[in-house]
Amino acid sequence: VIDLAFPDEYKDRVKKVNEYLMRSMDVVENKTLKAAMAHYPAAGGKRLRPLLATMASEAAGGKYDKAIPFGVALEIVHNFSLVHDDVMDEDDTRRGIKTVHSTYGIPEAILSGDALFARAFEVVLDSDVDDTDLVRLVDILARSVRLLAEGQQMDMDFESTKRVSSSDYMKMVEYKTAVLYSAAARGGAIIGGGTDVQEEALAEFGRLIGLGFQIWDDVLDLRSDKETFGKPVLNDIRNGKKTLIVIQALEDLKGPDRVELLSALGKKNAMPRELVRARDILEKVGAIDHATKVADELVKEAKKALKVVKNPAHRKALSEFADYMVKRKS
Ligand code: IPE
Ligand code: IPE
Ligand code: MG
Ligand code: MG
Ligand code: MG
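Throughout this description, residue numbers start from 1 for each chain and increase along the sequence as written. Here the convention is simple: chains get letters from A, ligands get numbers from 1, in the order in which they are written. Confidence filtering applies because this is a predicted model: local features only for residues at pLDDT of at least 70, side-chain atom pairs given and counted only at 80 or more, and all residues used for totals across whole chains, interfaces and linings. Hydrogens are left out, water is left out, and the side-chain values use all remaining heavy atoms of the structure.

Undergrad: Now, about the overall build of the protein: what can you tell me, with residues and values included?
TA: Only DSSP runs of H or I covering at least 4 residues are called helices, and only runs of E covering at least 2 are called strands; the numbering of each starts at the N terminus. Along the protein, the regular secondary structure elements total 16 helices and two strands. Computed over C-alpha atoms, the radius of gyration of the protein comes to 20 Å, within 12% of the 20 Å expected from 2.2 N^0.38 for 330 residues, which places it in the range of a compact globule. Its C-alpha atoms put the protein at 60 × 50 × 35 Å along the principal axes. Each of the 330 residues in the protein was classed as buried or not, and the buried ones make up 55%. Long-range contacts, defined here as pairs at least 24 residues apart, represent 74% of the contacts in the protein between residues at least 6 apart. Per element, the accessible surface of the protein, about 14800 Å² overall, is 53% carbon and sulfur. For the radius of gyration, the atoms used are the C-alpha atoms, and the globule rule reads 2.2 Å times the number of residues raised to 0.38. Remark: exposure states derive from per-residue accessible area (1.4 Å probe, protein chains only) relative to the maximum for the residue type, with buried under 20%, exposed over 50%, and partly exposed in between. Contact criterion: two residues are considered in contact whenever any of their non-hydrogen atoms come within 4.5 Å of each other. Using the Shrake-Rupley algorithm and a 1.4 Å probe, accessible areas are obtained, with residue cover drawn only from the displayed protein chains.

Written as structure tokens, this is what we have:
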């Protein structure tokens with residue numbers, strides 16, 4: 001197992017992001033609302049979206065810290081989406097602690113999500129860019145949240161759809177996950193003063209690694225454990241999620257294994273051993289390996305977009321970021 005150097009090199013940057021992020025909650029007066037809003041930000045998280053924004057700003061020829069407000073706005077949107085996602089997915093653990101709704105209740109999860117969502121737009125307005133660029137950043141952020149909601153709706157719709165194709169899955173993941181990574185890279189490129197060509201290429205880089213990232217998240221749901229992952233495992237099976245892994249397995253499986261997989265999929269009260277058995281079937285038929293290969297291919301494709309990055313050190317940094325997306329343990 002190779003431990004990537006990637007996140008460690010960015011400790012100082014993450015620290016700055018965290019300070020800005022936590023300070024951005026200070027405006028909230030109500031103690032309960034503020035605690036619910038800060039619940040996930042304070043619990044940790046990899047800060048990948050703000051990191052990508054700062055790295056794209058550098059890659060486009062600018063300073064990395066100029067992208068911090070925009071990166072923090074993305075992180076706030078991301079955290080808001082996690083609060084609501086955990087309600088939708090009925091998950092009780094995230095970042096190693098109890099989820100917002102299982103701590104404060106569903107009404108508080110709805111409300112703190114709303115407040116985080118709005119706060120992101122206030123924070124992005126702190127960006128030190130000219131008005132034309134600022135309007136673009138706000139537009140990128142708004143569009144990302146709208147598409148994220150579309151993707152999340154598709155994710156839920158697919159739970160009760162029998163036939164979901166791999167291209168349906170890719171579209172759903174593009175919306176629910178990749179759009180935010182693409183926004184991070186595009187926004188960073190704008191803030192860094194990149195050319196249109198650089199902006200488009202970096203946005204495409206973010207999109208492709210974002211797709212790989214979500215496929216890998218689906219793999220970890222099956223191959224990781226709660227302690228390492230910080231969130232429940234095997235719940236994608238319990239919820240009947242149509243991951244690329246499940247879609248591939250349903251194409252390949254026949255006989256009793258197929259029947260057994262189908263009976264566990266979406267069975268809310270399944271026993272742990274039924275979920276483990278379904279996982280073993282997915283493993284045996286090669287569907288998990290298949291997904292890891294697709295994720296690797298997406299990352300490989302993404303790296304081609306880095307031609308537009310002139311500075312070799314910045315290109316290398318983004319390339320390592322891309323690898324981390326599909327090698328991370330949590
Ligand atoms: C989790 O995102 C949600 C998905 C899109 C799969 P992250 O894996 O980036 O979560 P944190 O922010 O590090 O907790
Ligand atoms: C994440 O999908 C999508 C968003 C949060 C928008 P998941 O439902 O797979 O994320 P986790 O696994 O709960 O973090
Ligand atoms: Mg979830
Ligand atoms: Mg979900
Ligand atoms: Mg997941």
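Once you've had a look at it, read on.
Undergrad: Describe the coordination of the magnesium ion (ligand 4), listing the residues and the values that go with them.
TA: Coordination of the magnesium ion (ligand 4) by the protein is provided by D85 (OD) and D89 (OD), with metal-donor distances spanning 2.1 to 2.2 Å. A donor here means an N, O or S atom no more than 2.8 Å from the metal, or no more than 3.2 Å when the metal is Na, K or Ca. Since water is not included, a site may seem to lack partners. Here the magnesium ion (ligand 4) and the magnesium ion (ligand 3) are spaced 3.1 Å apart, and both take D85 as a donor. The exposure classification of D85 matches that of D89, with both residues buried.

Undergrad: Break down the nonpolar core for me, citing the residues and quoting the values.
TA: As used here, the term nonpolar core means buried Ala, Val, Leu, Ile, Met, Phe, Trp, Tyr and Cys residues forming a set that is joined through side-chain atoms within 4.5 Å. Residues L52, L202, F205, I237, L282, L318 and F321 are the most contacted members of the largest nonpolar core, which totals 109 residues. When neighbours within four sequence positions are excluded, I237 is seen to be in contact with D221, L222, A264, L265, G266, K267, L275, A278, R279 and L282.

Undergrad: Break down the pattern of salt bridges for me, with residues and values.
TA: What counts as a salt bridge is simple: a side-chain nitrogen of Lys or Arg found within 4 Å of a carboxyl oxygen of Asp or Glu. Counted under the stated rule, the structure contains 29 salt bridges. Where R13 meets E58, a salt bridge forms, and the shortest distance between an N and an O atom there is 3.1 Å. Remark: E58 occurs in helix α3 (residues 48–59) and R13 occurs in helix α1 (residues 11–23); sequence separation between them is 45 residues. Notably, a salt bridge pairs E199 with R186, separated by 2.6 Å at the nearest N-O pair. Of this pair, E199 sits in helix α9 (residues 196–223) while R186 sits in helix α8 (residues 166–191); the two residues are 13 residues apart in sequence, bridging distant segments of the chain. Beyond isolated ion pairs, a larger network of salt bridges with shared partners links D89, D155, E159, K176 and K241.

Undergrad: Requested: an account of the site of ligand 1, with residues and values cited.
TA: For this purpose, a residue is taken to be near a molecule or strand whenever a single non-hydrogen atom of the residue falls within 4 Å of it. Close contacts around ligand 1 come from 13 residues, with K46, R49, H78, R95 and F213 the closest. For the purposes of these results, a polar contact is taken to be a pair of N or O atoms within 3.5 Å, where, inside protein, one atom must be able to donate a hydrogen and its partner to accept one; residues adjacent in sequence count only when each atom of the pair is a side-chain atom. The contact in question runs from an oxygen atom of ligand 1 to an N or O atom on the side chain of H78, over 2.8 Å. Contact between ligand 1 and R95: an oxygen atom at 2.6 Å from a side-chain N or O atom of the residue. Here ligand 1 is seated within the largest pocket. Contributing elements (two or more residues each) for the shell around ligand 1: α4 (68–88), α8 and α9. Residues are called lining when one of their atoms sits within 4 Å of a cavity or pocket point, these points coming from a 1 Å grid over the protein atoms alone, where a cavity is a set in which a 1.4 Å probe fits but cannot get out and a pocket is an open set with protein on both sides within 12 Å along at least five of seven lines. Molecule-in-pocket calls rest on the fraction of atoms, with more than half required to lie within 2 Å of the cavity or pocket grid points.

Undergrad: Go over the layout of surface pockets with me, naming the residues and quoting the values.
TA: Here the idea is plain: a probe the size of a water molecule rolls over the atoms and shows the empty space left. Of the pockets and cavities examined, the largest pocket occupies roughly 820 Å³. Taken together, 44 residues make up the lining of the largest pocket; nearest its centre are L82, D85, R94, D217 and K231. Broken down by secondary-structure element, the contributors of at least two residues to the lining of the largest pocket are α3, α4, β1 (93–94), α7 (131–159), α8, α9, α10 (226–229) and α11 (235–238). When its residues are assigned to classes, the lining of the largest pocket shows eleven nonpolar, 13 polar and 20 charged. As a volume, the second largest pocket reaches approximately 430 Å³. Lining the second largest pocket we find 15 residues, and of these K162, R163, K242, L250 and L262 sit closest to its centre. Looking at the lining of the second largest pocket, the elements with two or more residues in it are α12 (244–252) and α13 (255–264). Grid points are joined across faces, edges and corners, and a volume is the space filled by probe spheres set on the points. The nonpolar class holds Ala, Val, Leu, Ile, Met, Phe, Trp, Tyr, Cys and Pro. Asp, Glu, Lys and Arg form the charged class, and all remaining residues, Gly among them, are polar.

Undergrad: Let's hear about α8: which residues, and what values?
TA: Two residues of an α-helix separated by three or four positions point the same way, owing to the 3.6 residues in each turn. An ideal rise of 1.5 Å per residue puts 38 Å on 26 residues; α8 measures up with 35 Å between its terminal C-alpha atoms. A bend of about 55 degrees at A178 is the largest found in α8. Burial runs high along α8: 19 of the 26 residues are buried. Expected span of a helix, by definition, is 1.5 Å for each gap between consecutive residues, and there is one gap fewer than residues. One axis fitted to the seven residues ending at a residue, another fitted to the seven starting there: the angle between these axes is the bend at that residue.

Undergrad: Residues and numbers for the coordination of the magnesium ion (ligand 3), please.
TA: A four-donor tetrahedral metal ideally has 109.5 degree angles, and a six-donor octahedral metal ideally has angles of 90 or 180 degrees. At this site the magnesium ion (ligand 3) is bound by D85 (OD) and D89 (OD), with donor distances of 2.1 Å. Look at D85 and you get buried, because its relative accessible area is 14%.

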